[in-house]
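The primary structure of each chain is shown beneath.
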Amino acid sequence: AQSVAQPEDQVNVAEGNPLTVKCTYSVSGNPYLFWYVQYPNRGLQFLLKYITGDNLVKGSYGFEAEFNKSQTSFHLKKPSALVSDSALYFCAGEGHRNNRLAFGKGNQVVVIP
Amino acid sequence: DTEVTQTPKHLVMGMTNKKSLKCEQHMGHRAMYWYKQKAKKPPELMFVYSYEKLSINESVPSRFSPECPNSSLLNLHLHALQPEDSALYLCASSQEINQETQYFGPGTRLLVL
């Protein structure tokens, strides 16, 4: 079985401050890990993914994520949050030959002006 | 180009109606997906097509009937739906079925009266 956990419900951050959205995973074999963002009444938009190689993955809109195998974590980060980053963020993972993405419950990010 | 298109954007139907949702991609992807998403929740996988063949059916009720006419198109036929089927229906596609980035369409917002 595979699962992804996002322990927080909502993340509040002041504009200009660093943003971190937490994710831990339980995926068989070498995990493929993804972050998606969803704006209201829209589909999911791909931000970045980890397959193998460098533990620090850079993605769209200044986001990056760090893969930590020992802590089974894949936290999403942005050095300086913008009000426009306010959205619902999903972490997802897939194990070898599972053919299904396991999604975390999602985190609502609110960036306060 | 990573665009997946879906029509219609909104759909209101009665419990006795028959309607169809359409999804299209021109990225040459060979895997296509239907998801159901309730508000503020992660997407729930419904069906997966790989090379135009149904690969995964996540025990979806028969009132939902998928169809893949060709490698670029995916339909979801709806009949005798229930009010609890009201949700955002998302289509996605990926290069292959296993451990590939899924690209999502904007979704169809369905309301069943």
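Model, not experiment: these values are computed from the prediction.

Trainee: How would you summarise the sheet that holds strand 3 (residues 18–25) of chain B if you had to cite specific residues and measurements?
Mentor: Residues and elements named next belong to chain B. Taken together, the four strands give an open sheet; going across it, the order is 1-3-8-7, and neighbouring strands pair in antiparallel fashion. Single-partner strands in this sheet number two, and they are strand 1 (4–7) and strand 7 (64–70). Going across the sheet, the axis of each strand differs from the next one's by a mean of 20°, ignoring polarity. Sheet analysis places strand 3 next to strand 8 (residues 73–79), joined by seven bridges and oriented antiparallel.

Trainee: Describe in detail the layout of surface pockets, supporting the description with residues and values.
Mentor: Size it by volume and the second largest pocket reaches roughly 260 Å³. Lining of the second largest pocket is provided by 15 residues; of these, A:Y39, A:P40, A:N41, A:L88 and B:K40 occupy positions nearest its centre. The residue makeup of the lining of the second largest pocket, split by class, is six nonpolar, five polar and four charged.

Trainee: Describe the interface of chain A and chain B, and please don't skip the residues or the numbers.
Mentor: With 25 residues of chain A at the contact, the number on the chain B side is 22 residues. With both chains or domains summed, chain A and chain B bury close to 1900 Å², and 50% of this area falls on carbon and sulfur atoms. Linking chain A to chain B there are one salt bridge. For the pair chain A and chain B, the number of links is nine residue pairs in polar contact (both at pLDDT 80 or more). Counting residues per element, the ones that place at least two in the side of chain A that touches chain B are strand 5 (32–38), strand 6 (44–50) and strand 10 (87–94) of chain A. The element best represented in the side of chain A that touches chain B is strand 5 of chain A, accounting for four residues. By residue class, the composition of the side of chain A that touches chain B is nine nonpolar, 10 polar and six charged.

Reading the values: the criteria
- Residues numbered from 1 in each chain as written.
- Chains lettered and ligands numbered in written order.
- Predicted model: local features only at pLDDT ≥ 70, side-chain atom pairs only at ≥ 80, totals over all residues.
- Heavy atoms only, no water.
- Pairing = 2+ DSSP bridges.
- Helix = DSSP H or I, 4+ residues; strand = E, 2+ residues; numbered from the N terminus.
- Axes fitted to C-alpha atoms, helices over the stretch in contact; angles between N-to-C directions.
- 1 Å grid on protein atoms, 1.4 Å probe; cavity = no way out; pocket = protein on both sides within 12 Å on 5 of 7 lines; lining within 4 Å.
- Points joined across faces, edges and corners; volume = space filled by probe spheres on them.
- Nonpolar A, V, L, I, M, F, W, Y, C, P; charged D, E, K, R; others polar.
- Contact = heavy atoms within 4.5 Å.
- Buried area = accessible area lost by both parts, 1.4 Å probe.
- Salt bridge = Lys/Arg side-chain N within 4 Å of Asp/Glu carboxyl O.
- Polar contact = N/O pair within 3.5 Å; in protein donor to acceptor, adjacent residues only side chain to side chain.

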